[in-house]
Amino acid sequence: MAENRAVVLLSGGLDSATTLAIARSESFRCYALTFSYGQRHKREIESAKKIADSLEVAEHRIIEIDLSCFGGSALTDPAIKVPKNRDKLYSTTQTCLTTVKIPPTYVPARNTIFLSYALAWAEVLNAFDIFIGVNQTDYSGYPDCRAEFISAFEKTANLATAAAVEGKGRYRIHTPIIDMTKGEIILAGTRLGVDYSLTHSCYDPDEQGKSCGHCDSCRLRLKGFAEAGLNDPLEYADD
């Protein structure tokens, strides 16, 4: 039924894979949305395809957009290096980021753009639920992963769409893992049958697709598996 449909943003990483599994567990018929946006870690797109198949989504669309035309991020501009072995990652105690230096892996306005596409597809599908795997507990400090941003976007969604203005429904942006530690996310996904060998997290994989083990994303992933008491099934270049 239409009211049980949800659009789920699926990057190919463990957070979005877990979020998709949670949406399915809540009896939503899931429509997965992935972006090829000029990122250097394109391997995640192949991971997203495998996850979508594994978790049996109703439909999986891969959208081509080119955020590399703007640059401004280590993920879209090869001239900017991906930082490795940073001393400081962030937690929910640091909700005010005005004095925090955002790392160069931040992609300008990425989640705003992705959620806008998800909202457009949801309106066409007559779906009023959108899931995104943002997290503000174990994260790199990106401002568009915080609850404040999600709340603001939800308000915008209900002001800017014909479906909401005409009273057909109210949009909800679901962030089921936003306050979980990375270990809690992995345990939740494991209980729901997520195959983490299909996921990809690394910002700077080698030519064989092996994860570097030293970027923020790899370090948070490894921290999470250690906290969960599980082995990470991925291969690392620096094993």
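Everything below is about the structure printed above this text.
Residues numbered from 1 in each chain as written. Predicted model: local features only at pLDDT ≥ 70, side-chain atom pairs only at ≥ 80, totals over all residues. Heavy atoms only, no water.

## Considerations on the sheet that holds strand S2 (residues 29-36)
Okay, so step 1: Spatial strand order, S3-S2-S1-S4-S5: 5 strands in an open sheet with parallel pairing. A strand with exactly one partner marks an edge of an open sheet, and here the two such strands are strand S3 (59-64) and strand S5 (172-174). With direction set aside, neighbouring strand axes in the sheet form an average angle of 25°.
Okay, so step 2: Here helix H1 (residues 14-25) sits on the sheet in contact with strand S1 (5-9), S2 and strand S4 (129-131), set at roughly 170° to S1. (Pairing = 2+ DSSP bridges. Helix = DSSP H or I, 4+ residues; strand = E, 2+ residues; numbered from the N terminus. Axes fitted to C-alpha atoms, helices over the stretch in contact; angles between N-to-C directions. Contact = heavy atoms within 4.5 Å.)

## Comments concerning the environment of Ala6
Okay, so step 1: Topologically, Ala6 is positioned in strand S1.
Okay, so step 2: Given a relative accessible area of 0%, Ala6 falls into the buried group.
Okay, so step 3: Note: C-alpha distance between Ala6 and Arg24 (18 residues apart in sequence) is 9.2 Å.
Okay, so step 4: If near-sequence neighbours (up to four positions away) are discounted, Ala6 is found in contact with Phe28, Arg29, Cys30, Tyr31, Ala127, Asp129 and Phe131. (Buried < 20%, exposed > 50% of the residue type's maximum accessible area, 1.4 Å probe, protein only.)

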